[in-house]
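Read off the chains here:
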Amino acid sequence: MSVDMDKLVSLCKRRGFIFQSSEIYGGINGFWDYGPLGVELKKNIKDAWWHDMVRGHDEMRVYPGAPSTYEMTGLDCAIIMHPQVWKCSGHYDLFHDYMVDCRETKKRYRHDQVNGRWVTAKGQRIFIAVVSDGAEAEAETLQRAKKFFNLRDKNLDELKWESPVICLTQVNDFSQVLAPEAKELGTLLPPREFNLMFKTYVGALSGEEGAAFLRPETAQGIFVNFKNVCDSSRVRIPFGIAQIGKSFRNEITPKQFTFRSREFEQMEIEFFCHPNSSREWYQYWRDRRYRWYVELGLASEKLRLREHDAAELAHYSVGTADIEYAFPFLPPGKFGELEGVAHRADFDLRSHMEGKLVKQGDQLVVELGADGKPRHKGSGKDLSYFDEVTRERFIPHVIEPSAGADRAALAFLCEAYCEDTAPDEHGKPQSRTVLRFHPRLAPIKAAVLPLVNKDGMPERALDLYRQLKPDFAVFYDDKGAIGRRYRRQDEAGTPWCLTIDGQTLQDNTVTIRDRDSLKQERIRMDHVAEELRRRLKS
Ligand code: GAP
């Protein structure tokens, strides 16, 4: 089923999954708040990741596809770090997008996110620019061409389209470009670099001495703590350090709901291994991370693992793969990145030892300034690793699976959204909206519902609620007809409803209704916790 994004966005607001940040003041672009159900969903995603990657990791086991056993540990680093971190990592010089400004509308666009088509009519050839993509861009360029050339519907064949939708990066002459939302031609200014890091000032110093940045990724906190972790714990290579935390990027055009936000959460692993086994570890992590999404319910045909071709690879990388999802707001056949898994070789540890690196031939060397000194000096600390068993010293290679918690939440929401019919309490089919979350991710695991608000049923329901509450996210609801209560839970993605009815009072059994199959089974009240545990595990 293809999901209507407008309906999903409205459900997210109505049911308290996601709100626009500062909405009562008109909102602020690129920032989002998670409501009561949304915060549970996102927390469940982060908990599942932390459990499956870190806490639940069995370091004595060789996982399928892994070259050997390995260890996993965690970190929680500060958002603001020493500014030199970003100079050595390359973010200070290189973490930018190109933007184009429009003189007429005063709007700013990301150069590579503006598309359009060349068209000729009435002896004039112009490029009509839009910010949409695919079929939507075709429809929009047609409407704008009609208006610009002042044509009626019956004269639309006067428009001679020259190309399919192409990106503005393929256009050199801006004088004939009709900017998105502009009325005049040639109002777009040449592309300019724009660093995506948010700048702030630390302490009372407001000049450049006090300047610092909000981290644009959590990864660097792990690299600069590599030695601390090695020295303070007994981890031995191969091992991974995981971190979940907020990252900030001053995106030029945040868009597509939470997909491209200015504040978001990342779930990153830096996995340190011997250079000789790094390719095998790269393949292991790529496949392991892909499977994680499949196991949590992302349908395989909407999910894909895409290896970057050589031209796309960062200069230090031996391999990078993206785990991508066919989000419903993208044109058919297009996918959006959920996670990148990159082989980063020794680039990061060397950068923080020696200084910012650049490629020279096929070598990475410290970039020098005009004075012959390192352009951005490293820490000078030795971040190599000494293997006590093999007596070998080396700089570990790094495999980095880097995921976005907000993108994952959005993909799980899109995948879960479904409209179907289910019988009401009188057996009459009624349409319903249901979020078919994997039970591990569902914000509420079970709802406890007394069939009617009398005959001792609320008391028994409350007993059950109190019995379950310490261990499960359960919700008590006694308001309205039972059919309506089921539907409310379906819309929240609750996998099971537990109903206390007349029979409960006689034999201590309750019904457990399954959100997806709508099957109802009777189970003993004192078996409910065990049954929920079993279903959550299976
Ligand atoms: N340390 C590597 C790194 O940060 P990235 O591909 O730039 O790599 C990793 O980001 C993940 O973070 C992405 O796959 C995506 O899930 C998430 N992410 C990046 N930018 C984002 C944004 N503006 N809004 C939401 N999520 C974002």
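Located above this text is the structure these notes cover.
This write-up is about the structure you can find in this document.

How each quantity is defined
- Residues numbered from 1 in each chain as written.
- Predicted model: local features only at pLDDT ≥ 70, side-chain atom pairs only at ≥ 80, totals over all residues.
- Heavy atoms only, no water.
- Pairing = 2+ DSSP bridges.
- Helix = DSSP H or I, 4+ residues; strand = E, 2+ residues; numbered from the N terminus.
- Axes fitted to C-alpha atoms, helices over the stretch in contact; angles between N-to-C directions.
- Buried < 20%, exposed > 50% of the residue type's maximum accessible area, 1.4 Å probe, protein only.
- Arc of directions from axis to C-beta.
- Contact = heavy atoms within 4.5 Å.

This brings us to the sheet that holds strand β3 (residues 71-74). Spatial ordering of the open sheet is given by β3-β14-β15-β23-β18-β17-β16, a layout of seven strands whose pairing is mixed. Both edges of this open sheet fall to β3 and β16 (303-307), since each of them pairs with a single strand only. With strand direction ignored, the average angle separating the axes of adjacent strands in the sheet is 20°. As paired strands, strand β18 (residues 336-345) and strand β23 (residues 397-404) are joined by six bridges and run antiparallel to one another. The residue bridging H343 from the neighbouring strand is I399, located in β23.

Turning our attention to helix α14 (residues 528-537). Listed in full, the buried residues belonging to α14 are V528, A529, E531, L532, R535 and L536. All buried residues of α14 lie within an arc of 160° about the axis, which places them on one face of the element. Turned more than 90 degrees away from the buried face of α14, the exposed residues are E530 and K537. Residues of α14 that are buried in the fold lie against β26 (446-450), α11 (457-468), β28 (496-500), β29 (509-514) and β30 (520-524).

Let us now look at the pairing of strand β17 (residues 319-325). Most of β17 is tucked away, with seven of its seven residues classed as buried. Of the two faces of β17, the one holding G319, A321, I323 and Y325 and the one holding T320, D322 and E324 are both buried throughout. Relative to β17, β16 is paired through five bridges, and the arrangement is antiparallel. Residue pairing across strands places L303 opposite Y325, the latter belonging to β17. Pairing analysis gives seven bridges linking β17 to β18, with the strands arranged antiparallel. In the strand pairing of β18, T320 is matched with A342.

With that out of the way, let us pick up the environment of M99. By the secondary structure assignment, M99 is in strand β4 (residues 96-101). By relative accessible area, M99 is classed as buried at 3%. Sequence separation of M99 and D47 is 52 residues, and the distance between their C-alpha atoms is 37 Å. Each residue touching M99, except ones within four places of it in the same chain, is listed here: R108, Y109, R110, H111, P190, P191, R192, E193, F194 and I252.

The values are spatial; any link to function lies outside them.
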